[in-house]
Amino acid sequence: MGQIIQYIESYLGSDKTPGAAGNMFWALVYIMLVFVGLSVAVIAMNWLERKILAHMQVRLGPMRVGPHGLLQPIADAIKLLLKEDIIPTEADGFIFWTAPFIVVLAAFTVFVVVPFGPTHAITDMNIGILFMLGVSSLSVLGIVMAGWASNSHYPLIGALRSSAQMVSYEVAMGLAVVSAILMTSLNAEGTGTLSMIGIVQAQLAQGEWFIFKFFPLGLIAFFIFAVAMVAETNRAPFDLAEAESELTAGFHTEYSGFRWSLFFLAEYSAMIAVSSIAVTLWLGGWLRPFPNLLSGATWDQGFSFFPGATFLFFAAMCFFNAARMPKHPLFRIQTIGLAGFGAALGLIGLALFIPAVSVRIQDIFWFAAKVACFMYLYIWYRGTFPRYRFDQLMRMGWKVLLPMGLGVLVLTASVALLQQKIWHP
Amino acid sequence: MAPVATPFFFYVFAGIMLIGGIMVITRKNPVHSALALIVTLLAQASIYLMLYAPFVAGVQIILYAGGIMVLFLFVIMLVSIDRSMKDRQFNSQWIVGAIAAIVLGGLFIAVYMKGMNIFPDHALSIVENDNTQNVATMLYGQYMFAFEIASLLLLVAIIGAVVMAKKRI
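Just so it is clear, the structure is predicted and the values come from calculations on it, not from any experiment.

## Comments concerning the overall build of chain B
The helix and strand tally for chain B stands at seven helices and zero strands. Traced from its N-terminal end to its C-terminal end, chain B shows the element sequence α-α-α-α-α-α-α. Residues counted as buried form 21% of the 169 residues belonging to chain B. Within the structure as shown, chain B displays about 12800 Å² of accessible surface, and the carbon and sulfur contribution to it stands at 74%.

So this is what it looks like as C-alpha cells:
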C-alpha cells in the first residue's frame, strides 16, 4: 500500500507529462479527465450551437427543458439512448457495426498528444503533430465504411463526397502545417520539432506566436489551415457530405439511436481536435496573450486573475438572467436552477483566485479559451455562409489553397534562410 | 523508464498482421479484403513503433492507412460487389504461389539457423527522442541524391497520370 502511494506521489512536483515520466496512474487519471472534459465540452457545444444559431437567426432556440434550455442536450442524449437501434437488413452487418466506433476512436485518440499545458498532456510524442494528422485522417475510413455498409444510395454518395473532400483538403492542410513546423527550427541549433509541446515552447523561445511570424506568411498559412480544417470536419459551409437538401443526412442516414450519437460525438470532438492543432501551431497553445511584450511579475499576476474573472462574469450573467425570469410560479424551479448554476460557476471562479489553483489551471484555461474562439467561429460560419457547390469546393481546394500553401512554404523557407544566413549570421 | 517493446507486444502485433494478411486473400468480398489489409498495415505501424522508429510509424499511418487505402476502398466500393462475389477468384496459380512461399519460408529458417550470430543478442536501446531529426538529416544530407531521384520519379508518375486522364491538354 505504501509503495502504491509512493508511486502516485513520485509524479507530483515533476515537470514532465505523465507519459514522459512513465507514471501509469497519472496517465490514467489524465486520460479520464480528458475523456470527461471532452464529453462535457461536446454537450456544451451542442447547446451553444443551437442557442447561438438561433440568436443569429432572431429565434430563441431551445427554451423549454431547464432554464434557457440548459438541460436540452441531456434530454437529447436520453432520447437517443432510448431509441431503437436499427440495422438495415441489406446492410453489411459487421462493417455497419464497427464504422461509428472507428470514427469515435480516431477522434478521441488524437487527444493523447494535445498539450493543454507544459505538463498537462497525456504524453508528449516525438512525432506529435504527425500522429495527430495521421490518426485524424483515419476517420475518413469510418465514414467510407459507414456509407458503403448502409447499402443505400444517399449514404454512399455522401461518403464518397466526404472522403474526396477530406483527402483533397488534407494536402493543403499538410502544407500549411509544414510551414509552421519549419518556423520551429529557427533557433541556435537549427533543428525543429514535431512534438506538440516543443512547438509551443519554440514560440515562447522566439518571442512571438507563429501567426505573426514573418508577417504575413504565418497569417496566410494559418488562413489555409483554418479553411482546410472546416472542410476536414465536414462542417458548414463545406458540409456537402451531409447536405440535407440533397442527401437527407449523408453517410449516417441509415444510423439511428446510439450509433448516430457516436457520429455526433466524433464530429464535435474532431472539431475540438483540429482547433487545438491550430491553437498549438499558430496561436501559442497554452501561452497567455503577450507573454513577452507584457512580461514581468505584475503582468503575470494580472493575467492570472483572468480565469477566475471569466467564471465570475458568467456567474453574474446567470444571476442577471435569473432576476429577469418571469415571476410566474411555474417558472420558480427554473429560476432557482439558473441561480444555482450561477452559484456553481461563481464558486469555481472564486476557487480559481486561489494562487495555488490558478498557477496550475491557467495554462488549461488559456488553451481552452483559444479553442473556444474556434468553436464559436464554427458556429458563426454555419450561421452566415451558404453551402458551396461540390465543384467550387474542389476548385477551392486544389486550385487556390494548394498553390497558396506551396508558395507560403517556399517563401517561409527562403525568408528563414535569409534570416539565418544574412541578417543574423 | 522501462521499455514498452516487450516480446509480448511483438507477438500480439505479428499475430494481428498474420491474421489480417490471411483475411486479405481469403475473403470473397473485396471490401472486407481491403479492410483486413488496413488492419495489417496498422499492426505494422505498431511494430515500427516498437523498433523505436516513430516517424516511420506515423508516415505509415498517414500514407497507407489514411491515404492510399481510402482510395483503394473508394474504387472497390464503386465496383459491383454482387458480381465479384459470384466470380471465380483468381487463384489458379496457387501451386506456384505455394512453392514460392515454401522456398521463402525455408530461406528465412535457413538464415535464422545458420546465421544466428548476425542477430544482436539484446534489444536495441536507441533514444527515441530525436528519431525524426535523424531521419531528416539523413534524407537531406547523406542521401540527398537518392531522395531527389525518388521524388523525380513520383513527379513523373503524377504527370503521367494527368496526361492519361485528361483528354485535351
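Read on, since the account is not over.
## A look at the interface of chain A and chain B
If you look at the interface, chain A gives 26 residues, while chain B gives 27 residues. Interface area, chain A with chain B, both sides summed: about 2100 Å², of which 78% is carbon and sulfur. When the area that chain A buries against chain B is broken down by residue, the three leading residues are Asn-126, Leu-141 and Trp-148 of chain A, summing to 27%. For the pair chain A and chain B, the number of links is zero salt bridges. For the pair chain A and chain B, the interface holds one residue pair in polar contact (both at pLDDT 80 or more). Listed by contribution, the elements that provide at least two residues to the side of chain A that touches chain B are helix 2 (18-21), helix 6 (128-137), helix 7 (139-149) and helix 8 (153-183) of chain A. Looking at the side of chain A that touches chain B residue by residue, the classes come out as 16 nonpolar, nine polar and one charged.

## Some thoughts on the domain arrangement of chain A
All names here are of chain A. Per the domain assignment, the segments making up chain A are domain 1 (83-305 + 354-423) and domain 2 (308-351). A straight line from the C-alpha centre of domain 1 to that of domain 2 covers 34 Å. At the interface, four residues of domain 1 touch five residues of domain 2. Summed over both partners, the interface of domain 1 with domain 2 comes to about 330 Å²; 48% of that surface belongs to carbon and sulfur atoms. Of all residues in domain 1, the largest losses of buried area upon contact with domain 2 belong to Phe-305, Ile-354 and Phe-365, amounting jointly to 87% of the total for that side. For the pair domain 1 and domain 2, the interface holds zero salt bridges. Across the domain 1-domain 2 interface, the total number found is three residue pairs in polar contact (both at pLDDT 80 or more). Residues belonging to the side of domain 1 that touches domain 2 are distributed by class as follows: four nonpolar, no polar and no charged.

## Points about the packing of aromatic side chains
Residue and element names in this part refer to chain A. Here the structure, examined in full by the defined rule, presents 26 aromatic pairs over all chains. Ring centres 5.3 Å apart and planes at 25 degrees place the aromatic pair Phe-238 and Tyr-388 in the stacked group. Taken together, the residues span a long stretch of sequence, with Phe-238 in the loop between helix 10 (217-232) and helix 11 (244-247) and Tyr-388 in the loop between helix 16 (355-384) and helix 17 (390-423) at a distance of 150 residues. Take Phe-238: its relative accessible area is 4%, and that puts it in the buried class. Residue classification places Tyr-388 among the partly exposed positions, given a relative accessible area of 30%.

## A short note on the nonpolar core
Core analysis: the biggest nonpolar cluster contains 115 residues, and Ile-129, Phe-225, Met-229 and Trp-282 of chain A together with Leu-73 of chain B have the highest contact counts within it. Considering each element in turn, this core owes the most residues, 13 residues, to helix 12 (residues 257-282) of chain A. When near neighbours in sequence (up to four residues on either side) are disregarded, Met-229 of chain A contacts Met-173, Val-274, Ser-275, Ala-278, Phe-374 and Tyr-378 of chain A.

## Some thoughts on the confidence of the model for chain A
Per-residue pLDDT for chain A averages 84, and the proportion of residues at 70 or more is 98%. Looking across chain A, the model is least confident in helix 11 of chain A, with a mean pLDDT of 71, and most confident in helix 10 of chain A, with 89.

## Here's the deal with the pattern of salt bridges
Residues and elements named next belong to chain A. Enumeration over the complete set of coordinates arrives at nine salt bridges over all chains. The shortest N-O distance in the salt bridge between Glu-49 and Arg-235 comes to 2.5 Å. Of this pair, Glu-49 sits in helix 3 (residues 24-56) while Arg-235 sits in the loop between helix 10 and helix 11; the two residues are 186 residues apart in sequence, bridging distant segments of the chain. Arg-235 carries the same exposure label as Glu-49, and that label is buried. Arg-395 is the partner of Asp-391 in a salt bridge, and the nearest nitrogen-oxygen pair spans 3.8 Å. In this pair, Asp-391 and Arg-395 both sit in helix 17, four residues apart, roughly one turn of the helix. Connected through salt bridges with shared partners, the residues Glu-49, Arg-235, Glu-267 and Arg-382 form a single ionic network.

Conventions used here
Residues numbered from 1 in each chain as written. Chains lettered and ligands numbered in written order. Predicted model: local features only at pLDDT ≥ 70, side-chain atom pairs only at ≥ 80, totals over all residues. Heavy atoms only, no water. Helix = DSSP H or I, 4+ residues; strand = E, 2+ residues; numbered from the N terminus. Buried < 20%, exposed > 50% of the residue type's maximum accessible area, 1.4 Å probe, protein only. Areas by Shrake-Rupley, 256 points an atom, 1.4 Å probe, with all protein chains shown as cover. Contact = heavy atoms within 4.5 Å. Buried area = accessible area lost by both parts, 1.4 Å probe. Salt bridge = Lys/Arg side-chain N within 4 Å of Asp/Glu carboxyl O. Polar contact = N/O pair within 3.5 Å; in protein donor to acceptor, adjacent residues only side chain to side chain. Nonpolar A, V, L, I, M, F, W, Y, C, P; charged D, E, K, R; others polar. Domains from an automatic or database assignment. Phe/Tyr/Trp six-rings, centres within 6.5 Å; stacked < 30°, edge-to-face > 60°. Core = buried A, V, L, I, M, F, W, Y, C linked by side-chain atoms within 4.5 Å. pLDDT = per-residue confidence, 0-100.

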